[in-house]
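# Report on the structure
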Amino acid sequence: MRRFDIINSFIHKNGYKSYLEIGVSNGLNFNKIKIQSKQSVDPALGMYKNSHPTYKMTSDEFFEKHPDKKFDIIFIDGLHHSEQVDKDIDNSLKSLNDGGVIVLHDCNPTTKEIQLIPRETSTWLGDVWKSFVTFKENNKSNYQCYVVDTDFGCGVIQNGKTDISINLPDELTYEWLDKNRKEALNLISIEEFKSML
């Protein structure tokens, strides 16, 4: 099960009609999404200059210029720095229709190296996990948050309540994540995810 399978599962289950993808890359994920209306945002610079987003701009610019646009499901896979991911989550929540879902890619790094900033490896997740863990703990009464253990970790944020909780340390380190992975991410298997649909 890949990220597009998870997104398409939510679309099918909930009858979603509108989709936004933050960070298009080569379009592999975007092209596999089956929905009535889909849009994307990406500055399309550097190694991603050949991507073809609906909106060629940063996610910050997009949300500032289009504050009234609403979506049923939003996929966050843009700049993998927690400071930016924090903003993308916050802005996505404001742009989400009632009953909508946010999916985040790259929430479950399996080595310290692939989550380091600045980037040092070809496979790179950045520290997206820090944004997910912090959001989960700070909003556990209002949002159901979990990470499906597939495709580098697909985080889900939706209305509800998160029962799995953990005390956050003063500093989020990879060593702490590795020791507390299941509780920190509320990590679930593909089979558990399928049973929730």
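This paragraph deals with the environment of K70. Within the fold, K70 resides in the loop between α2 (59–65) and β3 (71–76). A residue is classified by how much of its surface remains accessible, and K70, at 40% relative accessible area, is partly exposed. Sequence separation of K70 and L93 is 23 residues, and the distance between their C-alpha atoms is 9.6 Å. When residues no more than four places from it in sequence are discounted, the contact partners of K70 are S18, K94, S95, L96 and N97.

Now for the nonpolar core. The tendency in soluble globular proteins is for nonpolar side chains to be buried side by side. The biggest cluster of nonpolar side chains holds 33 residues, and the ones touching the most others in it are L20, F62, L104, F132, I157, W176 and L185. Beyond its immediate stretch of four places on either side in the chain, F132 contacts L104, C107, C145, Y146, V147, G155, V156, I157 and L185. Counting residues in hydrophobic clusters, the runner-up holds 22 residues, among them F10, Y16, F75 and Y146.

Let us look at unusual backbone geometry. A cis amide bond links I117 to the next residue, P118, at an omega of 5°. By the element assignment, P118 lies in the loop between β4 (96–104) and α4 (128–138). You will see that A44, though not glycine, has its phi angle at about 50°, which is positive. Topologically, A44 is positioned in the loop between β2 (37–41) and α2. The phi angle at D106 is positive, at roughly 70°, despite the residue not being glycine. Take D106: it is sitting in the loop between β4 and α4.

Thresholds applied
- Residues numbered from 1 in each chain as written.
- Predicted model: local features only at pLDDT ≥ 70, side-chain atom pairs only at ≥ 80, totals over all residues.
- Heavy atoms only, no water.
- Helix = DSSP H or I, 4+ residues; strand = E, 2+ residues; numbered from the N terminus.
- Buried < 20%, exposed > 50% of the residue type's maximum accessible area, 1.4 Å probe, protein only.
- Contact = heavy atoms within 4.5 Å.
- Core = buried A, V, L, I, M, F, W, Y, C linked by side-chain atoms within 4.5 Å.

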